[in-house]
Amino acid sequence: MTHAVYDRTELSPVDPDGLSEPFYGGSAPQSLTAPAPHMAPQPALLSARRLMKSYRKGKHVIPVLRGVDFAVRQGEFVAVVGQSGSGKSTLLHLLGTLDAPDSGEICFEGNRIDNLPYQARDVLRNRYFGMIFQFYHLLPEFNTLENVLVPRMIGQSVWRYWLQRRAHGQRAGELLEMVGLSHRLKHKPRELSGGEMQRAAIARALIASPQLLLADEPTGNLDRHTGAEIMRLLRTLNREQNLTIIMVTHDSTIAGRADRTVRLVEGLVERVT
Amino acid sequence: MFKLLLSWRYLRTRYIALASIISVTLGVATLIVVNSVMAGFSEEMHRRLHGILSDIVFESHSLGGLPDPDWHIAEIRKVVGERLVGITSTVQVPAMLSFPMRGQWITRQVNLIGVDEETYADVGDFSQYLLHPENRERLTFDLHEGGYDERLPESGWVQRRRRIAYERAYDEQLRQIESLGRTETADASADFSPPADPFGGVPRDPYGATASSERPSQVFDEAKQQHTGVILGMMVASVRHRDQDGEVRDHFLCRPGDDVNLTFPTSPPPGQAPAAQSARFTVVDLYESKMSEYDSTFAFVPLKDLQRLRGMIDPATGVRSVTALQIRLAPGSNLNEVRDQLIARFPPDQYHYRIQTWRDMQGPLLAAVQMETTILNILLFLIIAVAGFGILATFFMIVVEKTRDIGVLKALGAPSRGVMSIFLTYGCALGTAGSGVGMVLGLLFVYYINEIATGLEWVTGQEVFDPTVYYFQEIPTIVEPFTVFLVVLGSVSIAVLASVLPALRAARLHPVEALRWE
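Chains are numbered independently. Their residues run from 1 in the order of the written sequence. Each chain takes a letter, starting from A, and each ligand takes a number, starting from 1, following the order in which they are written. Restriction of local features to residues with pLDDT of at least 70 applies here, the model being predicted, together with a cutoff of 80 or more for giving and counting side-chain atom pairs; totals for whole chains, interfaces and linings are based on all residues.

(A) View of the overall build of chain A. Of regular secondary structure, chain A possesses 10 helices and 10 strands. Partly exposed residues are those whose C-beta has more than 12 but fewer than 20 other C-beta atoms within 10 Å; with 20 or more the residue is buried, with 12 or fewer it is exposed, and the C-beta atoms are placed from the backbone. Among the 273 residues that make up chain A, the fraction classed as buried is 47%. Contact between residues is assigned whenever the C-beta positions, reconstructed from backbone atoms, fall within 7 Å. Contacts spanning at least 24 positions in sequence make up 75% of the contacts within chain A whose residues lie at least 6 apart. Helix and strand definitions here come from DSSP, where helices need a minimum of 4 consecutive H or I residues and strands a minimum of 2 consecutive E residues; each element is numbered from the N-terminal end.

(B) Fine view of the pairing of strand β7 (residues 259–265) of chain B. Residues and elements named next belong to chain B. Only when DSSP finds a minimum of two bridges between them are two strands counted as paired. As paired strands, strand β2 (residues 84–101) and β7 are joined by 3 bridges and run antiparallel to one another. Residue pairing across strands places M96 opposite T263, the latter belonging to β7. Sheet analysis places β7 next to strand β8 (residues 276–287), joined by 7 bridges and oriented antiparallel. Among the inter-strand pairings, P265 is bridged to a residue of β8, identified as A276.

(C) Examining the interface of chain B and chain A more closely. Counting residues at the interface gives 21 residues for chain B, matched by 21 residues for chain A. Among the secondary structure elements, those contributing two or more residues to the side of chain B that touches chain A are α1 (2–13), α14 (403–411) and α20 (511–516) of chain B. Considering every element that reaches the side of chain B that touches chain A, the biggest residue donor is α1 of chain B, with 7 residues. We call Asp, Glu, Lys and Arg charged. Ala, Val, Leu, Ile, Met, Phe, Trp, Tyr, Cys and Pro are nonpolar, and the rest, Gly among them, are polar. Residues that form the side of chain B that touches chain A fall into these classes: 15 nonpolar, 3 polar and 3 charged.

(D) Seen up close, the sheet that holds strand β4 (residues 103–108) of chain A. Residue and element names in this part refer to chain A. Pairing is antiparallel across the open sheet formed by 4 strands, whose spatial order is β2-β1-β4-β5. Strands at the two margins of the open sheet, each flanked by one partner only, are β2 (60–73) and β5 (111–112). Inspection of the sheet shows strand β1 (residues 44–57) paired to β4 by 5 bridges, in the antiparallel sense. Bridge pairing links M52 to S103 in β4. Helix axes are fitted to C-alpha atoms over the stretch in contact, other axes to C-alpha atoms as well, and angles between N-to-C directions run from 0 to 180 degrees. Contacts from helix α3 (residues 88–95) reach β1, β2 and β4 within the one sheet, and its direction differs from that of β1 by about 120°.

(E) Spotlight on the environment of P331 of chain B. Residue and element names in this part refer to chain B. With respect to the helices and strands, P331 occurs in the loop between β10 (324–329) and α11 (335–345). A tally of 8 C-beta atoms within 10 Å means that P331 is categorised as exposed. For the pair P331 and V85, spaced 246 residues apart in sequence, the C-alpha separation works out to 9.0 Å.

(F) Fine view of the nonpolar core. Ranked by size, the top nonpolar core spans 124 residues in total, and within it V80, A203 and I246 of chain A carry the most contacts. When residues no more than four places from it in sequence are discounted, the contact partners of V80 of chain A are K88, L91, L92, I246, V248, V262 and L264 of chain A. Definition of nonpolar core: a set of buried Ala, Val, Leu, Ile, Met, Phe, Trp, Tyr and Cys residues joined via C-beta atoms within 7 Å. Among the nonpolar cores identified, the runner-up in size contains 66 residues, and V57, L97, L139 and V260 of chain B belong to it.

(G) Geometry of the packing of helix α13 (residues 363–401) of chain B against helix α15 (residues 416–447) of chain B. Residue and element names in this part refer to chain B. One way to put it is that α13 packs onto α15 with a least axis distance of 12 Å and a crossing angle of 140°. With respect to α15, the axis of α13 lies oblique. As α13 packs across α15, the resulting crossing turns out to be right-handed. Counted together, I391, F395 and V399 of α13 and F423, G427 and L430 of α15 form the full contact between these two elements. Roughly parallel here means an angle under 35 degrees, roughly antiparallel means over 145, roughly perpendicular means 65 to 115, and every remaining angle is called oblique. By the definition used in this description, the sense in which the near helix is turned from the far one sets the handedness, with an anticlockwise turn below a right angle giving left-handed and a clockwise turn giving right-handed.

(H) Focus on helix α2 (residues 15–52) of chain B. Given a helix with a known number of residues, its expected span is that number minus one, times 1.5 Å. Between its terminal C-alpha atoms α2 of chain B stretches 56 Å, which fits the 56 Å expected from 38 residues at 1.5 Å a residue. A residue's bend is the angle separating two fitted axes: one through the seven residues that end there, the other through the seven that start there. Remark: the principal bend of α2 of chain B, roughly 30°, maps to I21 of chain B.

(I) The arrangement of the confidence of the model for chain B in detail. All names here are of chain B. Taken residue by residue, chain B gives an average pLDDT of 83. The fraction at 70 or more is 90%. Every residue is assigned a pLDDT by the predictor, reflecting its confidence on a scale from 0 to 100. In the predicted structure, residues 200–217 sits below a pLDDT of 50 and forms 17 contacts with residues beyond four places in sequence or in another chain. Across the whole predicted complex the pTM is 0.66, and at the interface the ipTM reaches 0.82.

(J) Main features of the packing of α15 of chain B against helix α18 (residues 481–498) of chain B. All names here are of chain B. For the pair α15 and α18, the least separation of the axes is 8 Å and the interaxial angle reads 145°. Our pair here, α15 against α18, has a crossing hand that is right-handed. In this structure, α15 uses L424, G427, C428, L430, G431, T432, G434, S435 and M439 to contact α18, whose residues at the interface are V484, V488, S491, V492, A495, V496 and A498. Of the residues belonging to the contact of α15 with α18, the class tally is 10 nonpolar, 6 polar and no charged.

Next up, the structure:
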């Protein structure tokens, strides 16, 4: 079966040692000004071909994506921009297997993933993709540390999680330290600022050492300064850990920080820069 | 792992759900109380029913009874074998009891039972319910000097001598008046003064007058001798009522030491109609099983005397007939099996006998209690089912409230089954918490039920548990662990079932739509 490829228990981390190094803060400006890594020609990590998606509203069919071709290579930071309603969030949901396209296909590491069964897609989202959202979406009942551990709790049985709880706790602590939240481990989301919540969400997205980070308007709900901090963090992750990032945004300034920008207009890719 | 943690967090933060579980708590507590009281009541009733009835009763349909009880007993011994612990023969016959009371004849319809003093105690708990302690130790039909129940301070020979003395003094006075009348002494009647009346001006007992005039005192001295003894049921001899202070009191119409008349049918030879036979008996004790059915109908007399009076002794052979044989089996014996073996030995088409276990005899009563318990259980479980709908509504609200979180969990790779099990676990946890608290409340209620009844009586002024109706001094309760387990299990199941629909809704939420939920 195709999805068997993603049914592995563990994925070797991109750079587990690198993650443990505290760089956010003192070393951040230096990292952020570093030159873009050399992009050697290589097969796409994630690609989409002729993606079509429409929504039904009563008798009306509203086309959202009308044949989108898209590809992202390993280590690339791609921004998808477009006006409200252009279909950029829908595209991200399709790429992240949260939704299925009406037609077209999506491949991850050369394997088709849009037609995988639910269970395989759950595993894919849990271990291979990280996701961050405009409204952070932390669980209000959990503290920061527990929120970061949620993907691990989901991905493992109670017994297995219990056995590895120390290792998981240590890893979550390192990630939170990396994003600068080591002083907020026991705080509930309602006690955090917007920027802190987004940083916690980034740590949560990284706990499973994913190959791909999908970001849906990560700075959309933050002020300019905090948004810039988040962008610096993403950029650093991309450069230092070779993390592939697809970011959806309507802000062209934010998109300018990416390696490449894909502009969607009325459900079609208009321009790639 | 996230399921357990989230369920636990929801349990700690969603107090509205805890409110919905209160009805489960109350339902469980009520079920435990009702089942314990009904079990206690049922057990007490079984004990009392079984106390007077032996395990198996072997009855003859005919008025004359079994012609040769010894042969029957030998046959029964062969069938029952080792399991037989005791057997006794009795004569049971409907009778009319009559006794004088303040110049009036009081009559009662009774079930007259002739019992063998030697063996009757072997087959049942009959003697335990007698009022005189010596009779409880060893049954006799002899009148005791006194020492009956504290409700009967003047009973036995004390009462009998006082009554006879009064009657004799009365007769003496009457004779004096009659002799004075004959000599026509005008002023003699003016000197007449009646003797001190120990009964406080009670009118002369007409029966006593008749009896004493008929009986020559040198043959039978009532003050020193007694008639054949009879043990009357408590409610035959007394009336229970409440006094002005609300205390339950027994008013005795006749007491040990008094004489009563019993009229019952004779056992005639074939071809002759039964005749009414009357005989005089002395009340020697009272019987109080606290089962009103028994206490208001039973009268016990010695077997041999009843056989003699009814003409149940074969003049040619001297063999005495009986109407019933009462059999007590070893504990743990299968009564139905023994009954069926006896029926097989004495098939109904050849022998006109009725062979029943005590449960068969009291079947309708036991079935009624069982039915009552079942219906109460169904009704109370319906209350918990209604509580289930409350849980269902609350859970739907929580699912709606948590829609975005459910979307996040799915986006992070949580399978639908996992999301579903969050709410099932939550329902199970709530059900367990509600039932657990309900169980503790119910058990505490059962433990302190009499104190609570007293408290309720004090608050409401209404009697919660009327001893004149139930004949129990306290509310009987028995906590059956298995029943408690079933009640708790049932309630938890209802809570889990109520959370299935909301859980399914949560599981079917589309992650994209859930994430967009505002």
